[in-house]
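# Report on the structure
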Amino acid sequence: MARPRVIVYNQVSLDGRLEGFAAGPVRYYRLGFRWRSDAILVGSATAQAFGPPESTEEQAAGGPDVAPVPVHPGFEELVEEPRALLVVPDSRGRVRNWRHALAQPWYRAGIALVSATTPAEYLDHLTRRGVDHVLTGADHVDLAAALEVLHDRHGVRSVRTDAGGTLTGALVAAGLVDEIAVILSPCLAGRPDAAPLVRLPRPLTDGGLPLRLVETAQLDDGALWLRYER
Ligand SMILES: NC(=O)c1ccc[n+]([C@@H]2O[C@H](COP(=O)([O-])OP(=O)(O)OC[C@H]3O[C@@H](n4cnc5c(N)ncnc54)[C@H](OP(=O)(O)O)[C@@H]3O)[C@@H](O)[C@H]2O)c1
């Protein structure tokens, strides 16, 4: 079965953390949307930052009216048709702000990846919001199977992540990562508990994942742009 090419993309501190340092999101998103992806794979916590969840009343009614979010100044040439699909693994049905997410200028439609444990009530909610879903896996989403469905049913050939280390760890452990691109910020994280780039769910059998450096660039503030392929 065929699956899309998967690129993990993050902004990290020198000690490999995703948070606990001052690096605004503007450059991260400008460089990220520079290269075309058919789908952006967004973790469920990251997706919740698109806007507030619908209240119980809004969920029962048609949902909130959300005006389209204008393109951030300087990003206009990065919004290209066809826009990417917004894909969110969400087996627990946490993401209740789809109207806000899809008001963003970057996405043409949303797809939730769900599993056998996902509440039926959430699947109904997705249907009411016009969000398609792909059901794979018993507890968490079976990411390999879900990527195959995205490839075969939705024509997705390339995926870029916008997610934390747990989702990246699940992708790495399943052998699904083809490329890792990072902005390496010239700083250390200031929090001992700051989340790492990759949080593996289990040890890798062969001890590690060898990568080949394919691109480097120095950015204006001393940060490095680094791209590695498997
Ligand atoms: N610095 C950066 O570049 C950067 C970029 C994006 C996000 N972040 C930060 O990362 C943090 C959280 O990230 P996140 O919610 O995007 O992702 P995450 O915490 O790394 O992972 C949670 C996501 O992964 C899925 N998941 C977890 N275990 C899985 C498994 N075994 N199999 C399949 N799917 C699995 C979850 O779906 P289920 O609920 O279905 O399990 C959920 O969608 C946020 O604090 C955010 O700010 C940093």
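This report concerns the structure included in the present document. (Residues numbered from 1 in each chain as written. Predicted model: local features only at pLDDT ≥ 70, side-chain atom pairs only at ≥ 80, totals over all residues. Heavy atoms only, no water.)

## With respect to the overall build of the protein chain
A tally of regular secondary structure across the protein chain gives 7 helices and 9 strands. In summary, the protein chain has a C-alpha radius of gyration of 18 Å against a globular reference of 17 Å for 230 residues, a match within 12%. Its C-alpha atoms give the protein chain principal-axis dimensions of roughly 50 × 45 × 35 Å. For the protein chain, restricting intrachain contacts to residue pairs at least 6 apart in sequence, the fraction spanning at least 24 positions comes to 75%. Where the 24 positive side-chain charges of the protein chain centre and where its 28 negative ones centre are 3 Å apart. (Helix = DSSP H or I, 4+ residues; strand = E, 2+ residues; numbered from the N terminus. Rg over C-alpha atoms; globule rule 2.2 N^0.38 Å. Contact = heavy atoms within 4.5 Å. Lys, Arg positive; Asp, Glu negative; His and termini not counted. Charge placed at Lys NZ, Arg CZ, Asp CG, Glu CD.)

## Let's talk about helix α5 (residues 120-128)
Here α5 has its buried residues at Y122, L123, H125 and L126. Projected down its long axis, α5 carries its buried residues within an arc of 155°, all on one side. Residues of α5 that are exposed and point more than 90 degrees away from the buried face comprise A120 and T127. Where α5 is buried, its residues meet α3 (56-60), α4 (98-101), β4 (107-114) and β5 (132-135). (Buried < 20%, exposed > 50% of the residue type's maximum accessible area, 1.4 Å probe, protein only. Arc of directions from axis to C-beta.)

## Here's the deal with helix α6 (residues 143-154)
Taken together, the buried positions of α6 are occupied by L143, A146, L147, V149, L150 and H151. Residues of α6 that are buried sit in contact with β1 (5-12), β3 (84-89), β4, β5, β6 (158-162) and α7 (165-173). Put simply, D142 is the residue that caps the front of α6, since its side-chain oxygen is 3.2 Å from the backbone nitrogen of A144. Immediately beyond the C-terminal end of α6, within one or two residues, lies G155, with a positive phi of roughly 70°. (Polar contact = N/O pair within 3.5 Å; in protein donor to acceptor, adjacent residues only side chain to side chain.)

## Here we look at the site of the ligand
With respect to spatial proximity, 23 residues lie near the ligand, and among them Q11, T46, P89, S91 and H140 are the closest. In this structure, an oxygen atom belonging to the ligand sits 2.9 Å away from a main-chain N or O atom of S44. At a separation of 2.6 Å, an oxygen atom of the ligand approaches a polar side-chain atom of H140. Taken by itself the ligand offers 910 Å² of open surface, and the protein chains cover 79% of this. Residue assignment for the shell around the ligand shows that the elements contributing at least two residues are β1, α2 (44-47) and α7. Looking at the shell around the ligand residue by residue, the classes come out as 9 nonpolar, 10 polar and 4 charged. (Near = heavy atom within 4 Å. Areas by Shrake-Rupley, 256 points an atom, 1.4 Å probe, with all protein chains shown as cover. Nonpolar A, V, L, I, M, F, W, Y, C, P; charged D, E, K, R; others polar.)

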